[in-house]
Amino acid sequence: MIEFCGVGKTYAGGTVAVEDFSYTVQANSLVVLVGSSGSGKTTLLRMVNRMVEPTAGSVLIDGRDVAGLDRVRLRRSIGYVLQAGGLLPHRTIADNVATVPVLNGTRRREARSAVVGLLERVGLDPSCAERYPSQLSGGQQQRVGVARALAADPDILLMDEPFGAVDPIVRRELQDELRRLQRELGKTILLVTHDIDEAFRVGDEVVVLKERGVTAQVGTPADILAHPADAFVRSFVGADRAERRLRTTDVDGRRVLVDDDGRPAGVLVAAEERRTAP
Amino acid sequence: MNLLLEAAAWLADAAHWTGPGSVPVRVLEHLWVTALVVGAAAVVAIPTGVWVGHTGRGRTAVIAFAGAARAVPTLGLLTLLGLWLGIGLGAPLLALVVLAVPSLLAGAYSGVESVDGTTTSAARAIGMSEWQIVTRVELPLAAPVILGGVRAATLQVIATATLAAYIADAGLGRFLFNGLKSRDYAQMLAGALLVTLIALLFEVLLAAAQRRAARAARPAGQKSTSPSNPVFPKGPS
(Lines give C-alpha, C1' and ligand atoms only; values in the text may rest on other atoms or scores of the structure.)
Protein backbone atom coordinates (compact mmCIF):
# COMPACT_ATOMS: atom_id res chain seq x y z
CA MET A 1 0.00 0.00 0.00
CA ILE A 2 1.32 3.43 -0.98
CA GLU A 3 -0.14 6.54 0.67
CA PHE A 4 0.43 10.06 -0.60
CA CYS A 5 -0.37 12.38 2.30
CA GLY A 6 -0.70 15.97 1.18
CA VAL A 7 2.51 15.87 -0.84
CA GLY A 8 3.78 18.90 -2.71
CA LYS A 9 6.91 19.78 -4.61
CA THR A 10 8.17 23.31 -5.15
CA TYR A 11 11.55 23.67 -6.80
CA ALA A 12 14.19 26.13 -5.60
CA GLY A 13 13.36 28.59 -8.40
CA GLY A 14 9.73 28.73 -7.24
CA THR A 15 8.35 26.39 -9.90
CA VAL A 16 5.51 24.34 -8.47
CA ALA A 17 5.46 20.78 -9.82
CA VAL A 18 2.83 19.43 -7.42
CA GLU A 19 0.61 21.58 -5.22
CA ASP A 20 -1.13 19.24 -2.80
CA PHE A 21 -1.84 15.61 -3.60
CA SER A 22 -3.37 12.90 -1.45
CA TYR A 23 -4.23 9.41 -2.59
CA THR A 24 -3.87 5.81 -1.46
CA VAL A 25 -2.80 3.01 -3.77
CA GLN A 26 -4.33 -0.17 -2.38
CA ALA A 27 -2.12 -3.25 -2.13
CA ASN A 28 -2.25 -5.60 -5.14
CA SER A 29 -3.96 -3.08 -7.36
CA LEU A 30 -2.83 -1.47 -10.57
CA VAL A 31 -3.31 2.28 -10.40
CA VAL A 32 -2.64 4.63 -13.29
CA LEU A 33 -1.77 8.30 -12.88
CA VAL A 34 -2.77 9.94 -16.12
CA GLY A 35 -2.32 13.52 -17.21
CA SER A 36 -0.66 15.67 -19.81
CA SER A 37 2.80 17.14 -19.36
CA GLY A 38 2.92 19.50 -16.42
CA SER A 39 0.43 17.44 -14.46
CA GLY A 40 3.18 16.36 -12.05
CA LYS A 41 2.50 12.67 -12.58
CA THR A 42 6.15 11.64 -12.96
CA THR A 43 7.14 13.81 -10.00
CA LEU A 44 4.56 11.97 -7.88
CA LEU A 45 5.81 8.58 -9.06
CA ARG A 46 9.40 9.48 -8.31
CA MET A 47 8.49 10.55 -4.79
CA VAL A 48 7.73 6.93 -3.95
CA ASN A 49 11.34 5.77 -4.36
CA ARG A 50 12.79 9.11 -3.29
CA MET A 51 14.13 10.08 -6.70
CA VAL A 52 12.27 13.29 -5.84
CA GLU A 53 11.92 14.55 -2.26
CA PRO A 54 8.57 16.21 -1.55
CA THR A 55 8.76 19.71 -0.08
CA ALA A 56 5.46 19.19 1.73
CA GLY A 57 3.63 16.17 3.07
CA SER A 58 4.91 12.61 3.05
CA VAL A 59 4.73 9.31 1.19
CA LEU A 60 4.07 6.17 3.21
CA ILE A 61 4.69 2.59 2.14
CA ASP A 62 2.79 0.10 4.32
CA GLY A 63 2.47 2.84 6.92
CA ARG A 64 6.16 3.77 6.99
CA ASP A 65 7.33 7.19 5.87
CA VAL A 66 9.83 6.71 3.04
CA ALA A 67 11.74 9.81 4.18
CA GLY A 68 12.96 7.75 7.14
CA LEU A 69 14.24 4.87 5.00
CA ASP A 70 17.66 4.46 3.43
CA ARG A 71 17.34 5.75 -0.12
CA VAL A 72 19.41 3.06 -1.84
CA ARG A 73 17.82 0.19 0.05
CA LEU A 74 14.34 1.62 -0.57
CA ARG A 75 15.00 1.78 -4.31
CA ARG A 76 16.26 -1.79 -4.42
CA SER A 77 13.05 -2.94 -2.72
CA ILE A 78 10.88 -1.32 -5.41
CA GLY A 79 10.80 -2.38 -9.06
CA TYR A 80 11.27 0.51 -11.44
CA VAL A 81 10.48 0.41 -15.15
CA LEU A 82 11.09 3.41 -17.34
CA GLN A 83 10.62 4.43 -20.91
CA ALA A 84 12.91 2.58 -23.35
CA GLY A 85 13.96 0.22 -20.58
CA GLY A 86 16.88 2.29 -19.27
CA LEU A 87 19.15 -0.74 -19.60
CA LEU A 88 22.92 -0.63 -19.15
CA PRO A 89 24.30 -0.73 -22.70
CA HIS A 90 27.62 -2.36 -21.78
CA ARG A 91 26.08 -5.34 -20.02
CA THR A 92 24.37 -8.42 -21.36
CA ILE A 93 20.64 -8.97 -20.94
CA ALA A 94 21.33 -11.54 -18.22
CA ASP A 95 23.55 -9.13 -16.28
CA ASN A 96 21.02 -6.34 -16.70
CA VAL A 97 18.21 -8.47 -15.32
CA ALA A 98 20.40 -9.69 -12.45
CA THR A 99 21.52 -6.15 -11.49
CA VAL A 100 19.43 -5.64 -8.36
CA PRO A 101 19.86 -9.13 -6.84
CA VAL A 102 23.64 -8.75 -7.36
CA LEU A 103 23.55 -5.33 -5.67
CA ASN A 104 21.68 -6.97 -2.82
CA GLY A 105 24.52 -9.44 -2.38
CA THR A 106 23.22 -12.48 -4.26
CA ARG A 107 26.10 -14.31 -5.94
CA ARG A 108 26.33 -13.46 -9.62
CA ARG A 109 26.02 -17.08 -10.79
CA GLU A 110 23.00 -17.65 -8.61
CA ALA A 111 21.33 -14.44 -9.77
CA ARG A 112 22.00 -15.29 -13.40
CA SER A 113 20.44 -18.72 -13.02
CA ALA A 114 17.15 -17.06 -12.10
CA VAL A 115 17.29 -14.98 -15.27
CA VAL A 116 15.87 -17.68 -17.59
CA GLY A 117 12.67 -17.90 -15.58
CA LEU A 118 12.30 -14.13 -15.47
CA LEU A 119 12.77 -13.76 -19.21
CA GLU A 120 10.14 -16.44 -19.85
CA ARG A 121 7.82 -14.72 -17.42
CA VAL A 122 7.89 -11.53 -19.50
CA GLY A 123 7.54 -13.43 -22.77
CA LEU A 124 11.14 -13.37 -23.98
CA ASP A 125 13.15 -16.21 -25.46
CA PRO A 126 15.86 -17.06 -22.88
CA SER A 127 18.35 -17.40 -25.74
CA CYS A 128 18.67 -13.62 -25.77
CA ALA A 129 20.31 -13.69 -22.31
CA GLU A 130 23.84 -13.31 -23.66
CA ARG A 131 23.01 -10.56 -26.10
CA TYR A 132 23.31 -6.82 -25.53
CA PRO A 133 20.43 -4.31 -25.27
CA SER A 134 21.27 -2.70 -28.63
CA GLN A 135 20.71 -6.05 -30.35
CA LEU A 136 17.08 -6.16 -29.19
CA SER A 137 14.03 -4.34 -30.52
CA GLY A 138 12.39 -1.57 -28.50
CA GLY A 139 9.60 -3.88 -27.36
CA GLN A 140 12.07 -6.56 -26.30
CA GLN A 141 14.15 -4.03 -24.38
CA GLN A 142 10.98 -2.92 -22.62
CA ARG A 143 10.28 -6.52 -21.57
CA VAL A 144 13.84 -6.83 -20.27
CA GLY A 145 13.17 -3.67 -18.24
CA VAL A 146 10.14 -5.37 -16.68
CA ALA A 147 12.13 -8.55 -16.01
CA ARG A 148 14.81 -6.48 -14.28
CA ALA A 149 12.19 -4.76 -12.13
CA LEU A 150 10.78 -8.15 -11.11
CA ALA A 151 14.16 -9.77 -10.40
CA ALA A 152 14.34 -8.93 -6.71
CA ASP A 153 10.67 -9.90 -6.28
CA PRO A 154 9.53 -6.49 -5.02
CA ASP A 155 6.02 -5.86 -3.69
CA ILE A 156 5.76 -2.60 -5.55
CA LEU A 157 6.40 -1.77 -9.20
CA LEU A 158 6.71 1.81 -10.43
CA MET A 159 6.31 2.27 -14.16
CA ASP A 160 7.14 5.59 -15.81
CA GLU A 161 5.62 5.79 -19.31
CA PRO A 162 6.80 2.21 -19.78
CA PHE A 163 5.35 1.70 -23.23
CA GLY A 164 5.96 5.17 -24.64
CA ALA A 165 8.80 4.20 -26.94
CA VAL A 166 7.24 1.26 -28.79
CA ASP A 167 4.90 1.09 -31.75
CA PRO A 168 1.12 0.80 -31.19
CA ILE A 169 0.83 -2.94 -31.89
CA VAL A 170 3.65 -3.92 -29.52
CA ARG A 171 2.33 -1.38 -27.03
CA ARG A 172 -1.03 -3.12 -26.93
CA GLU A 173 0.65 -6.50 -26.56
CA LEU A 174 2.73 -5.23 -23.64
CA GLN A 175 -0.34 -3.70 -21.99
CA ASP A 176 -2.16 -7.03 -22.14
CA GLU A 177 0.89 -8.79 -20.72
CA LEU A 178 1.09 -6.30 -17.90
CA ARG A 179 -2.48 -7.23 -16.98
CA ARG A 180 -1.55 -10.90 -17.12
CA LEU A 181 1.54 -10.34 -14.92
CA GLN A 182 -0.52 -8.35 -12.46
CA ARG A 183 -3.04 -11.22 -12.24
CA GLU A 184 -0.29 -13.81 -11.82
CA LEU A 185 1.98 -11.95 -9.41
CA GLY A 186 -0.38 -9.66 -7.51
CA LYS A 187 2.06 -6.76 -7.21
CA THR A 188 1.08 -3.24 -6.26
CA ILE A 189 1.68 -1.31 -9.46
CA LEU A 190 1.70 2.44 -9.95
CA LEU A 191 1.92 3.41 -13.60
CA VAL A 192 2.26 6.85 -15.14
CA THR A 193 1.12 7.70 -18.65
CA HIS A 194 -0.23 10.56 -20.73
CA ASP A 195 -2.31 8.13 -22.80
CA ILE A 196 -5.89 7.82 -21.51
CA ASP A 197 -6.55 4.72 -23.61
CA GLU A 198 -3.59 3.01 -21.97
CA ALA A 199 -4.84 4.11 -18.56
CA PHE A 200 -8.29 2.60 -19.24
CA ARG A 201 -6.79 -0.57 -20.71
CA VAL A 202 -4.51 -1.47 -17.82
CA GLY A 203 -5.78 0.36 -14.73
CA ASP A 204 -7.92 -1.05 -11.91
CA GLU A 205 -8.27 2.52 -10.82
CA VAL A 206 -7.35 5.67 -12.71
CA VAL A 207 -6.35 9.04 -11.27
CA VAL A 208 -6.87 11.85 -13.78
CA LEU A 209 -4.58 14.78 -13.01
CA LYS A 210 -4.94 18.40 -14.01
CA GLU A 211 -2.01 20.76 -13.76
CA ARG A 212 0.40 20.58 -10.81
CA GLY A 213 -0.95 17.37 -9.36
CA VAL A 214 -4.50 18.55 -8.84
CA THR A 215 -6.81 15.55 -8.96
CA ALA A 216 -9.60 15.94 -11.49
CA GLN A 217 -11.20 12.56 -10.87
CA VAL A 218 -10.47 9.18 -9.31
CA GLY A 219 -12.34 6.04 -10.27
CA THR A 220 -12.46 2.85 -12.27
CA PRO A 221 -12.26 3.29 -16.03
CA ALA A 222 -15.97 2.50 -16.29
CA ASP A 223 -16.84 5.08 -13.61
CA ILE A 224 -14.89 7.78 -15.31
CA LEU A 225 -16.36 7.04 -18.73
CA ALA A 226 -19.89 6.82 -17.33
CA HIS A 227 -19.70 9.91 -15.15
CA PRO A 228 -16.90 12.32 -16.02
CA ALA A 229 -16.62 14.69 -13.06
CA ASP A 230 -16.33 17.88 -15.06
CA ALA A 231 -15.68 19.39 -18.46
CA PHE A 232 -11.91 18.86 -18.08
CA VAL A 233 -12.26 15.10 -17.54
CA ARG A 234 -14.91 14.94 -20.22
CA SER A 235 -12.61 16.37 -22.82
CA PHE A 236 -9.51 14.58 -21.49
CA VAL A 237 -11.06 11.13 -21.73
CA GLY A 238 -12.71 12.10 -24.98
CA ALA A 239 -16.18 11.24 -23.71
CA ASP A 240 -17.63 13.23 -26.57
CA ARG A 241 -15.37 11.63 -29.17
CA ALA A 242 -17.24 9.66 -31.81
CA GLU A 243 -15.46 6.39 -31.00
CA ARG A 244 -16.47 6.62 -27.33
CA ARG A 245 -20.18 6.99 -28.18
CA LEU A 246 -21.55 3.66 -29.24
CA ARG A 247 -25.03 2.51 -30.15
CA THR A 248 -26.35 -0.75 -31.48
CA THR A 249 -27.93 -1.46 -34.81
CA ASP A 250 -29.45 -4.66 -36.05
CA VAL A 251 -27.57 -6.48 -38.83
CA ASP A 252 -29.26 -9.74 -39.94
CA GLY A 253 -30.38 -10.56 -36.43
CA ARG A 254 -27.09 -9.66 -34.70
CA ARG A 255 -26.65 -6.56 -32.63
CA VAL A 256 -23.69 -4.58 -33.96
CA LEU A 257 -22.13 -1.68 -32.07
CA VAL A 258 -21.41 1.38 -34.14
CA ASP A 259 -19.87 4.65 -33.05
CA ASP A 260 -21.23 8.12 -33.59
CA ASP A 261 -19.80 8.26 -37.09
CA GLY A 262 -21.50 4.98 -37.95
CA ARG A 263 -18.25 2.96 -38.01
CA PRO A 264 -18.71 -0.57 -36.65
CA ALA A 265 -16.88 -1.15 -33.36
CA GLY A 266 -17.89 -4.72 -32.52
CA VAL A 267 -20.81 -7.00 -31.84
CA LEU A 268 -22.92 -7.20 -28.71
CA VAL A 269 -22.79 -10.69 -27.21
CA ALA A 270 -25.03 -12.34 -24.70
CA ALA A 271 -23.55 -13.27 -21.34
CA GLU A 272 -23.45 -17.01 -22.08
CA GLU A 273 -21.34 -16.70 -25.22
CA ARG A 274 -18.64 -14.70 -23.49
CA ARG A 275 -15.15 -15.86 -24.22
CA THR A 276 -13.67 -17.51 -21.14
CA ALA A 277 -10.45 -15.94 -20.04
CA PRO A 278 -7.44 -18.02 -21.11
CA MET B 1 70.57 11.48 -46.21
CA ASN B 2 74.18 11.61 -45.14
CA LEU B 3 73.17 12.75 -41.65
CA LEU B 4 70.69 9.92 -41.34
CA LEU B 5 73.42 7.42 -42.17
CA GLU B 6 75.67 9.03 -39.59
CA ALA B 7 72.87 8.79 -37.02
CA ALA B 8 72.39 5.12 -37.89
CA ALA B 9 76.12 4.58 -37.52
CA TRP B 10 76.01 6.36 -34.16
CA LEU B 11 73.22 4.08 -33.02
CA ALA B 12 75.04 1.00 -34.33
CA ASP B 13 78.18 1.87 -32.38
CA ALA B 14 78.42 -0.68 -29.57
CA ALA B 15 80.16 1.88 -27.37
CA HIS B 16 76.90 3.81 -27.12
CA TRP B 17 75.02 0.80 -25.75
CA THR B 18 76.90 0.14 -22.51
CA GLY B 19 77.92 2.09 -19.49
CA PRO B 20 76.46 5.15 -17.79
CA GLY B 21 74.69 7.53 -20.14
CA SER B 22 74.34 4.85 -22.82
CA VAL B 23 71.25 4.39 -24.99
CA PRO B 24 69.50 1.73 -22.81
CA VAL B 25 70.05 3.81 -19.66
CA ARG B 26 68.69 6.96 -21.30
CA VAL B 27 65.69 5.10 -22.71
CA LEU B 28 64.89 3.68 -19.28
CA GLU B 29 65.27 7.11 -17.69
CA HIS B 30 62.98 8.58 -20.30
CA LEU B 31 60.34 5.92 -19.73
CA TRP B 32 60.69 6.25 -15.97
CA VAL B 33 60.19 10.04 -16.13
CA THR B 34 57.16 9.57 -18.43
CA ALA B 35 55.59 6.96 -16.16
CA LEU B 36 56.17 9.03 -13.05
CA VAL B 37 54.74 12.19 -14.61
CA VAL B 38 51.69 10.59 -16.24
CA GLY B 39 51.07 8.54 -13.07
CA ALA B 40 51.26 11.55 -10.76
CA ALA B 41 49.15 13.71 -13.09
CA ALA B 42 46.55 10.92 -13.43
CA VAL B 43 46.23 10.51 -9.66
CA VAL B 44 45.29 14.18 -9.44
CA ALA B 45 43.44 14.77 -12.69
CA ILE B 46 41.36 11.63 -13.29
CA PRO B 47 39.51 11.51 -9.94
CA THR B 48 38.94 15.27 -10.17
CA GLY B 49 37.64 14.99 -13.73
CA VAL B 50 35.38 12.04 -12.87
CA TRP B 51 34.01 13.90 -9.87
CA VAL B 52 33.28 16.99 -11.95
CA GLY B 53 31.70 14.91 -14.72
CA HIS B 54 29.57 12.97 -12.22
CA THR B 55 28.34 15.87 -10.11
CA GLY B 56 28.48 18.65 -12.70
CA ARG B 57 29.96 20.81 -9.98
CA GLY B 58 33.04 22.96 -10.59
CA ARG B 59 32.66 22.52 -14.33
CA THR B 60 33.43 26.14 -15.25
CA ALA B 61 36.44 26.25 -12.94
CA VAL B 62 37.87 23.06 -14.42
CA ILE B 63 37.41 24.19 -18.01
CA ALA B 64 39.05 27.53 -17.21
CA PHE B 65 41.91 25.82 -15.38
CA ALA B 66 42.53 23.27 -18.12
CA GLY B 67 42.53 25.99 -20.76
CA ALA B 68 44.92 28.18 -18.79
CA ALA B 69 47.25 25.29 -17.95
CA ARG B 70 47.38 24.33 -21.60
CA ALA B 71 48.55 27.80 -22.55
CA VAL B 72 51.56 27.63 -20.19
CA PRO B 73 54.78 27.15 -22.21
CA THR B 74 56.56 24.18 -20.69
CA LEU B 75 60.07 25.51 -21.37
CA GLY B 76 59.27 28.81 -19.65
CA LEU B 77 57.73 27.04 -16.68
CA LEU B 78 60.70 24.70 -16.48
CA THR B 79 63.14 27.63 -16.39
CA LEU B 80 61.11 29.32 -13.68
CA LEU B 81 60.84 26.15 -11.59
CA GLY B 82 64.51 25.42 -12.19
CA LEU B 83 65.48 28.81 -10.76
CA TRP B 84 63.34 28.03 -7.74
CA LEU B 85 64.07 24.33 -7.17
CA GLY B 86 67.59 24.24 -8.62
CA ILE B 87 69.30 21.60 -10.73
CA GLY B 88 67.72 18.14 -10.59
CA LEU B 89 64.62 16.21 -11.58
CA GLY B 90 62.18 18.16 -9.38
CA ALA B 91 61.61 21.06 -11.74
CA PRO B 92 61.17 19.04 -14.96
CA LEU B 93 58.84 16.55 -13.26
CA LEU B 94 56.64 19.35 -11.99
CA ALA B 95 56.64 21.18 -15.32
CA LEU B 96 55.69 17.99 -17.15
CA VAL B 97 52.87 17.25 -14.70
CA VAL B 98 51.45 20.68 -15.53
CA LEU B 99 51.68 19.68 -19.20
CA ALA B 100 49.92 16.34 -18.66
CA VAL B 101 47.09 17.41 -16.34
CA PRO B 102 44.84 19.29 -18.82
CA SER B 103 44.54 16.37 -21.26
CA LEU B 104 43.81 13.89 -18.48
CA LEU B 105 41.37 16.21 -16.75
CA ALA B 106 39.48 17.00 -19.95
CA GLY B 107 39.37 13.33 -20.93
CA ALA B 108 38.01 12.22 -17.57
CA TYR B 109 35.46 14.96 -17.24
CA SER B 110 34.17 14.95 -20.80
CA GLY B 111 34.10 11.14 -20.81
CA VAL B 112 31.91 10.90 -17.73
CA GLU B 113 29.79 13.83 -18.82
CA SER B 114 29.11 12.19 -22.18
CA VAL B 115 27.47 9.14 -20.56
CA ASP B 116 23.75 9.19 -21.35
CA GLY B 117 21.85 10.83 -18.49
CA THR B 118 18.93 8.43 -18.74
CA THR B 119 21.29 5.49 -18.19
CA THR B 120 22.72 6.93 -14.97
CA SER B 121 19.29 8.04 -13.81
CA ALA B 122 17.94 4.54 -14.40
CA ALA B 123 20.88 3.05 -12.50
CA ARG B 124 20.10 5.35 -9.58
CA ALA B 125 16.38 4.57 -9.67
CA ILE B 126 16.93 0.81 -9.44
CA GLY B 127 19.12 1.25 -6.39
CA MET B 128 22.77 1.85 -7.27
CA SER B 129 24.66 4.06 -4.83
CA GLU B 130 26.53 7.05 -6.27
CA TRP B 131 29.81 5.14 -5.96
CA GLN B 132 28.33 2.17 -7.82
CA ILE B 133 27.02 4.46 -10.55
CA VAL B 134 30.55 5.85 -10.99
CA THR B 135 32.38 2.53 -10.93
CA ARG B 136 29.88 0.26 -12.67
CA VAL B 137 28.23 2.57 -15.17
CA GLU B 138 30.12 5.79 -15.80
CA LEU B 139 33.72 4.53 -15.77
CA PRO B 140 33.16 1.59 -18.13
CA LEU B 141 31.16 3.75 -20.52
CA ALA B 142 33.59 6.69 -20.31
CA ALA B 143 36.74 4.52 -20.52
CA PRO B 144 37.41 5.14 -24.23
CA VAL B 145 37.36 8.91 -23.78
CA ILE B 146 39.37 8.75 -20.54
CA LEU B 147 41.98 6.60 -22.28
CA GLY B 148 42.00 9.14 -25.10
CA GLY B 149 43.12 11.69 -22.53
CA VAL B 150 45.78 9.29 -21.22
CA ARG B 151 46.98 8.72 -24.78
CA ALA B 152 47.25 12.42 -25.56
CA ALA B 153 48.99 13.17 -22.23
CA THR B 154 51.47 10.30 -22.61
CA LEU B 155 52.51 11.36 -26.09
CA GLN B 156 52.94 14.98 -25.03
CA VAL B 157 55.05 13.92 -22.07
CA ILE B 158 57.24 11.50 -24.07
CA ALA B 159 58.01 14.23 -26.58
CA THR B 160 58.49 16.99 -24.03
CA ALA B 161 60.41 14.90 -21.48
CA THR B 162 63.49 15.66 -23.59
CA LEU B 163 63.42 19.02 -21.80
CA ALA B 164 64.24 17.23 -18.52
CA ALA B 165 67.84 17.11 -19.77
CA TYR B 166 67.85 20.93 -19.83
CA ILE B 167 68.45 21.03 -16.08
CA ALA B 168 68.82 17.39 -15.07
CA ASP B 169 71.01 14.52 -16.18
CA ALA B 170 68.17 12.35 -17.32
CA GLY B 171 66.36 11.07 -20.39
CA LEU B 172 66.92 11.00 -24.13
CA GLY B 173 67.10 14.77 -24.15
CA ARG B 174 70.70 14.36 -23.02
CA PHE B 175 71.65 13.25 -26.55
CA LEU B 176 69.97 16.34 -27.99
CA PHE B 177 71.62 18.81 -25.62
CA ASN B 178 75.03 17.08 -25.79
CA GLY B 179 74.86 16.94 -29.56
CA LEU B 180 73.84 20.56 -29.79
CA LYS B 181 76.71 21.69 -27.57
CA SER B 182 79.34 19.69 -29.42
CA ARG B 183 77.78 20.11 -32.87
CA ASP B 184 77.45 16.32 -33.02
CA TYR B 185 74.34 16.31 -35.19
CA ALA B 186 74.46 12.54 -35.67
CA GLN B 187 74.01 12.11 -31.94
CA MET B 188 71.17 14.67 -31.90
CA LEU B 189 69.37 12.95 -34.70
CA ALA B 190 69.87 9.54 -33.09
CA GLY B 191 68.32 10.89 -29.87
CA ALA B 192 65.40 12.38 -31.78
CA LEU B 193 64.85 9.09 -33.61
CA LEU B 194 64.76 7.20 -30.32
CA VAL B 195 62.15 9.61 -28.90
CA THR B 196 60.08 9.24 -32.05
CA LEU B 197 60.29 5.46 -31.85
CA ILE B 198 59.11 5.39 -28.23
CA ALA B 199 56.29 7.82 -29.03
CA LEU B 200 55.11 5.67 -31.92
CA LEU B 201 55.28 2.51 -29.83
CA PHE B 202 53.11 4.05 -27.10
CA GLU B 203 50.73 5.49 -29.66
CA VAL B 204 50.14 2.00 -31.07
CA LEU B 205 49.75 0.42 -27.62
CA LEU B 206 47.40 3.07 -26.23
CA ALA B 207 45.32 3.21 -29.41
CA ALA B 208 44.83 -0.55 -29.09
CA ALA B 209 43.83 -0.17 -25.42
CA GLN B 210 41.39 2.56 -26.40
CA ARG B 211 39.82 0.38 -29.10
CA ARG B 212 39.44 -2.42 -26.59
CA ALA B 213 37.72 -0.12 -24.11
CA ALA B 214 35.44 1.19 -26.85
CA ARG B 215 34.40 -2.36 -27.73
CA ALA B 216 33.64 -3.09 -24.07
CA ALA B 217 31.63 0.12 -23.71
CA ARG B 218 29.67 -0.43 -26.92
CA PRO B 219 29.45 -4.15 -27.49
CA ALA B 220 27.73 -5.39 -30.61
CA GLY B 221 28.56 -2.35 -32.68
CA GLN B 222 26.29 0.31 -31.30
CA LYS B 223 26.80 3.67 -32.89
CA SER B 224 29.21 5.91 -31.05
CA THR B 225 27.60 9.07 -29.74
CA SER B 226 30.71 10.61 -28.22
CA PRO B 227 34.06 11.54 -29.74
CA SER B 228 36.62 8.76 -29.27
CA ASN B 229 39.31 11.26 -28.45
CA PRO B 230 39.07 14.80 -27.13
CA VAL B 231 40.96 17.25 -29.30
CA PHE B 232 44.15 18.65 -27.89
CA PRO B 233 45.42 21.48 -30.03
CA LYS B 234 48.63 22.14 -28.17
CA GLY B 235 51.76 20.34 -29.30
CA PRO B 236 54.95 19.87 -27.26
CA SER B 237 56.59 23.22 -26.66
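Predicted model, so just to flag it, every value in this text is computed and none were measured.

**Remarks on the overall build of chain B**
- Counting secondary structure elements, chain B contains 10 helices and 0 strands.
- For chain B, the spread of C-alpha atoms along the principal axes amounts to about 65 × 45 × 30 Å.
- In chain B, which comprises 237 residues, the proportion classed as buried is 41%.
- Across chain B, contacts joining residues at least 24 apart in sequence account for 75% of those joining residues at least 6 apart.

**Focus: helix 2 (residues 23-55) of chain B**
Residues and elements named next belong to chain B.
- Taking 1.5 Å per residue as the helical rise, helix 2 with its 33 residues ought to reach 48 Å, and the 47 Å between its terminal C-alpha atoms agrees with that figure.
- Remark: the principal bend of helix 2, roughly 35 degrees, maps to Ala42.
- Looking at the residues trailing helix 2, positive phi occurs at Gly56, about 75 degrees.

**With respect to the pairing of strand 11 (residues 246-251) of chain A**
Residue and element names in this part refer to chain A.
- Little of strand 11 sits out of view: just 0 of its 6 residues are buried.
- Note: strand 11 against strand 12 (residues 254-259), 6 bridges, orientation antiparallel. Counterpart to Thr249 in the pairing with strand 12 is Val256.
- Taken together, strand 11 and the strand that follows it, strand 12, pair antiparallel across an intervening segment of 2 residues, in which Asp252 is found at a positive phi of about 45 degrees.

**A closer look at the UniProt feature "domain: ABC transporter" (unreviewed entry) in chain A**
- Here the UniProt feature "domain: ABC transporter" (unreviewed entry) sits at residues 2-237 of chain A.
- Secondary structure content for residues 2-237 of chain A is 37% helix and 25% strand, while the C-alpha to C-alpha distance between its ends is 25 Å.

**Some remarks on the UniProt feature "transmembrane region" (unreviewed entry) in chain B**
Residues and elements named next belong to chain B.
- Summarizing the sequence annotation, UniProt attributes the feature "transmembrane region" (unreviewed entry) to residues 30-52, 64-87, 93-112, 141-168 and 188-209 in the numbering used throughout.
- Its end C-alpha atoms 28 Å apart, residues 93-112 is made of 100% helix and 0% strand.
- Segment residues 188-209 splits into 100% helix and 0% strand. End C-alpha atoms: 32 Å apart.

**Thoughts on the interface of chain B and chain A**
- Contacts between the two partners involve 18 residues from chain B and, on the opposite side, 17 residues from chain A.
- Listing elements by their share of the side of chain B that touches chain A, those giving two or more residues are helix 6 (117-125), helix 7 (130-160) and helix 10 (185-217) of chain B.
- Ranked by residue count, the leading element in the side of chain B that touches chain A is helix 6 of chain B, at 5 residues.

Procedures and definitions
Residues numbered from 1 in each chain as written. Chains lettered and ligands numbered in written order. Predicted model: local features only at pLDDT ≥ 70, side-chain atom pairs only at ≥ 80, totals over all residues. Helix = DSSP H or I, 4+ residues; strand = E, 2+ residues; numbered from the N terminus. Buried ≥ 20, exposed ≤ 12 C-beta atoms within 10 Å, placed from the backbone. Contact = placed C-beta atoms within 7 Å. Expected span 1.5 Å × (residues − 1). Bend = angle between axes of the 7 residues up to and from the residue. Pairing = 2+ DSSP bridges. UniProt positions renumbered as here; feature names shortened; annotations may be inferred.

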